[in-house]
Amino acid sequence: MLSIGCGLGYVEDIISTSWNGELIAVEPAKSGVDRWIRDNKKIIFKNGYFPDVMNGEEIDFAYANAIDYVFNDKELHNFLTNVYNYPIREFLLISASLDVSSFESDTKYAIKKLLSILRLKRMGQFWGYLRTTKEYRKAILNAGFTSYEDGFLDNGQYWIKGKIE
């Protein structure tokens, strides 16, 4: 199993308590990122970017937890294509940054944008990219995966799994 973008490794540490196989955790950040997994003998930590830090390990299943918001559409396509080309038979993107636009949220955004143009209010910090379920499905298929499954966890988090069949 492979975790791409493991961050501090908290999720990987929890998974390792019930997973008996090898878990490889990849994270590009340089400092203090392996806090939760530093001493965990069940996890192989690789500091760097996927797939550059991989050494040809055979991976059937990989996941990424809440990392997609950093990618614009082209970067997401490149990332998913790299996963597909590695090859990884199943890839799970969990806690995806879902766009849940509504009339109310779109109206608030338009008013905030207008106030920003008039220099009456700052727009604030850009927090990342949001996508609809349709955009995630299209991105998975465009990367080469032959099928997908998706849905929502009980806490409302969106997930999508690309498969090679």
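The preceding data block contains the structure.
These numbers were taken from a predicted model, which means no experiment stands behind them.

Caption draft 1: Structural context of the sheet that holds strand β6 (residues 147-152). The mixed open sheet is built from seven strands, whose spatial order is β3-β2-β1-β4-β5-β7-β6. Every interior strand has two partners, whereas the edge strands, β3 (43-47) and β6, have only one. Mean inter-strand twist for the sheet, computed between neighbouring axes without regard to direction, equals 15°. With two bridges joining them, strand β1 (residues 2-4) and strand β4 (residues 59-65) adopt parallel strand pairing. In the sheet register, S3 faces β4, and the bridge partner there is Y63. Relative to β6, helix α4 (residues 133-142) is tilted by about 155°, and along the sheet it contacts β5 (88-96), β6 and β7 (158-163).

Caption draft 2: Local environment of the nonpolar core. In terms of nonpolar packing, the biggest core is built from 30 residues, with L2, F50, F79 and F91 touching the most fellow members. For this core, the secondary-structure elements that each account for two or more residues are β1, β2 (23-27), β4, α2 (73-85), β5, α4 and β7. Excluding its chain neighbours within four sequence positions, the residues that come into contact with F79 are I4, F50, I67, F71 and F91.

Parameters at a glance
Residues numbered from 1 in each chain as written. Predicted model: local features only at pLDDT ≥ 70, side-chain atom pairs only at ≥ 80, totals over all residues. Heavy atoms only, no water. Pairing = 2+ DSSP bridges. Helix = DSSP H or I, 4+ residues; strand = E, 2+ residues; numbered from the N terminus. Axes fitted to C-alpha atoms, helices over the stretch in contact; angles between N-to-C directions. Contact = heavy atoms within 4.5 Å. Core = buried A, V, L, I, M, F, W, Y, C linked by side-chain atoms within 4.5 Å. Buried < 20%, exposed > 50% of the residue type's maximum accessible area, 1.4 Å probe, protein only.

Without other data, these values stay purely geometric and don't point to any function.
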